[in-house]
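The lines below spell out each chain.
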Amino acid sequence: MIAFEQHIDQYVIAQIIASIIFIVLSLLYFKFYVKLVQKDEQLVVRGLTEETIQNGPKIAWLPLLTKSSEVRKVLSLSQMEYCVVKNILSGEKRVEVGPKMVFLQPYDVVKTDDSTGSKKRNALSLKANEYVRFVDNSTGKVRVEYGEQGCVVPGPDEVFLDGVSGKRKAMDLQVFEYVKVQDKRTGKVRTERGEKLVFLGPFEEYLGSKQTAVEVDEETSVLVRNKRTGKWLPFPHVIQIEALFGRDTSICFTVFPYVSLHATLVHFVAVDA
């Protein structure tokens, strides 16, 4: 009888020990192999041969053969923010524009901005008299965005063509002003005259600053020499000035009817073709 009772006690103790071991192992399993993933989180699982990602919200069960795992916060972008994502396996890059939550794919990393050290980057907002030019380092193409518009972002391989900030203001021409613009790709020069805002194209630059036009009236004449042909073109009065505007006389004239001159004036001006 005593031996039977001892046998029962040993069995109970063994059962208790086994239960304790089961509970400890279960707790350890739940701690290391069961992950609670919230709505704004991702579970990254690095297995023996590949990386997988599970988006929340969910309860995730990890496989036994796992190198490592981590639960990471999802990058949240506001309306005027963006980020650049690179896949380290393929080398491809893409731009994610807010407002959104950026759920990364396997082997994706968010590139850090070298100037700020942040993963989030601020988009541009262009006013009506502003524009920005981007150059794609992978293709060499130049892209121009004109205002007014908000949330302007560069492509994954694009950088600003004009300085660090990128934004430029259009040249504001009054009615008596003009400016010459050259296309660096073709070498062609055109003259823009006011009143207007002058925006540059992808390969254009200003040839100097804006200039004041020649003032003429009924008592004033002007001689214009065409640099291409070398010929002098007389402009005795306003009607002829307006009629002879064209491709080979790229000069801007502004007439001021309220100005009266007591002597006849002649201006000699050399202009581009």
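Residues numbered from 1 in each chain as written. Predicted model: local features only at pLDDT ≥ 70, side-chain atom pairs only at ≥ 80, totals over all residues. Heavy atoms only, no water.

With that out of the way, let us pick up the overall build of the protein. A count of helical and extended segments in the protein gives two helices and 28 strands. A total of 273 residues make up the protein; the buried ones form 33% of that total. Within the protein, contacts between residues at least 6 apart in sequence are counted, and of these 55% link residues at least 24 apart. Accessible surface computed for the protein: about 17400 Å², of which carbon and sulfur atoms make up 56%. (Helix = DSSP H or I, 4+ residues; strand = E, 2+ residues; numbered from the N terminus. Buried < 20%, exposed > 50% of the residue type's maximum accessible area, 1.4 Å probe, protein only. Contact = heavy atoms within 4.5 Å. Areas by Shrake-Rupley, 256 points an atom, 1.4 Å probe, with all protein chains shown as cover.)

As enumerated under the stated definition, the model contains four aromatic pairs in all. Summarising the aromatic geometry, the rings of Tyr131 and Tyr146 are spaced 6.2 Å apart at their centres and angled 35 degrees between planes, so their arrangement reads as tilted. With Tyr131 in strand β13 (residues 130-136) and Tyr146 in strand β14 (residues 142-146), the pair connects residues that are 15 residues apart, well separated along the chain. The exposure class assigned to Tyr131 is buried, which follows from its relative accessible area of 0%. Taken together through their ring pairs, the aromatic side chains of Tyr131, Tyr146 and Phe199 make up a single cluster. (Phe/Tyr/Trp six-rings, centres within 6.5 Å; stacked < 30°, edge-to-face > 60°.)

Judged by pairing direction, the sheet is antiparallel, and its three strands sit side by side in the order β3-β2-β5 without closing on themselves. What marks the edges here is a single partner per strand, and that holds for β3 (51-55) and β5 (66-73). The mean angle between the axes of side-by-side strands here comes to 20 degrees, regardless of whether they run parallel or antiparallel. Summarising the sheet, strand β2 (residues 41-47) and β5 pair through seven bridges and their orientation is antiparallel. When the sheet's bridge partners are listed, Gln42 is paired in β5 with Arg72. (Pairing = 2+ DSSP bridges. Axes fitted to C-alpha atoms, helices over the stretch in contact; angles between N-to-C directions.)

So yeah, pure geometry; function would need other evidence.
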